[in-house]
Amino acid sequence: MAQAQTLTDAKLRRCLKWCRLRRHSTRDITIFYVSYYAGLRAKEIAALTICDVYDEQGSVREQFVLDAVQTKGAKTRTVWINAKLRRQLELYRSSLLFKDASRALFQSQKGGAFSANTMTQLFLNIYRAAGFENASSHSGRRTFITELASKGVSVRVLAELAGHSSIQTTQGYIDVNPQQMSAAVELL
């Protein structure tokens, strides 16, 4: 099975541009940001609740913990929120009603929570509409890991951020491209 396509900045901008035309644009852009800037899987994004991401006052948390039932590996994991994702989550907050903080962070068109399957389908629909054949719900996650690796983040830290038990699994996510190889040899 082929790996999910990593996203260049231009590809990400193209997807976000297409998301802006969609009916639920703020939601869809925020989902992309969570995938791209936090490296979450579709299952994990679908399982997020409002109280996972926002505190009692409605402020975006600096980090949050995914429970074992929310993750693929059935183990808890801390998710760190960077400044870009924080700004998008603050924007998204205005569309939320905080009456029930335990409800799903992302609601489907039908008003209920996404399942892992429907979240995966949302990604596929957006990528296809943007013209990307080999992109999948894992593309944001793979790009997250690849981008951090290209910036010199150790594979051990990457494994922790990704929730991988083995650094070999994490290494399989890292895409290598000609620009990275060119920059690497220039370090000498």
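Shown above is the structure to which this text applies.
It is worth spelling out the layout of surface pockets at this point. A water-sized probe rolled over the atoms picks out the places where empty space is left. Taken as a whole, the largest pocket spans an internal volume of roughly 420 Å³. What lines the largest pocket is a set of 21 residues, and nearest its centre among them are Tyr36, Tyr37, Asn82, Phe144 and Leu148. Residue assignment for the lining of the largest pocket shows that the elements contributing at least two residues are helix H1 (9-19), helix H2 (25-38), strand E2 (77-80) and helix H7 (139-150). Of the residues contributing to the lining of the largest pocket, the split by class is 12 nonpolar, 3 polar and 6 charged.

It is worth spelling out the nonpolar core at this point. If you look at the biggest cluster of nonpolar residues, it comprises 41 residues, and the most contacted ones within it are Phe32, Leu40, Leu48, Tyr54, Leu105, Phe106 and Met119. Breaking this core down by element, the ones donating at least two residues are H1, H2, helix H3 (42-47), helix H4 (50-53), strand E1 (63-66), helix H5 (83-93) and helix H6 (116-129). Sort the elements by how many residues they give to this core and H2 lands first, with 8 residues. Once you skip the residues sitting within four places of it in the chain, Phe32 turns out to touch Leu12, Cys15, Leu16, Cys19, Phe123, Ile126 and Tyr127.

Next up on the list: H5. Side chains that are three or four residues apart share a direction in an α-helix, a result of its 3.6 residues per turn. Every buried residue of H5 is listed here: Leu85, Gln88, Leu89 and Tyr92. For H5, the angular spread of the buried residues around the axis is 100 degrees, confining them to a single face. Taken together, the buried residues of H5 touch H2 and H4.

This part is about H6. Over its 14 residues, H6 extends 20 Å from the first C-alpha to the last, a length consistent with the 20 Å expected when each residue adds 1.5 Å. Where H6 is concerned, the buried positions are Met119, Leu122, Phe123, Ile126 and Tyr127. One face of H6 carries all of its buried residues, which in axial projection span an arc of 125 degrees. Those residues of H6 that are exposed and angled more than 90 degrees off the buried face are Asn117 and Arg128. Directly after H6, the chain includes Gly131, whose backbone phi takes a positive value near 90 degrees.

What counts, and at which threshold
- Residues numbered from 1 in each chain as written.
- Predicted model: local features only at pLDDT ≥ 70, side-chain atom pairs only at ≥ 80, totals over all residues.
- Heavy atoms only, no water.
- 1 Å grid on protein atoms, 1.4 Å probe; cavity = no way out; pocket = protein on both sides within 12 Å on 5 of 7 lines; lining within 4 Å.
- Points joined across faces, edges and corners; volume = space filled by probe spheres on them.
- Helix = DSSP H or I, 4+ residues; strand = E, 2+ residues; numbered from the N terminus.
- Nonpolar A, V, L, I, M, F, W, Y, C, P; charged D, E, K, R; others polar.
- Core = buried A, V, L, I, M, F, W, Y, C linked by side-chain atoms within 4.5 Å.
- Buried < 20%, exposed > 50% of the residue type's maximum accessible area, 1.4 Å probe, protein only.
- Contact = heavy atoms within 4.5 Å.
- Arc of directions from axis to C-beta.
- Expected span 1.5 Å × (residues − 1).

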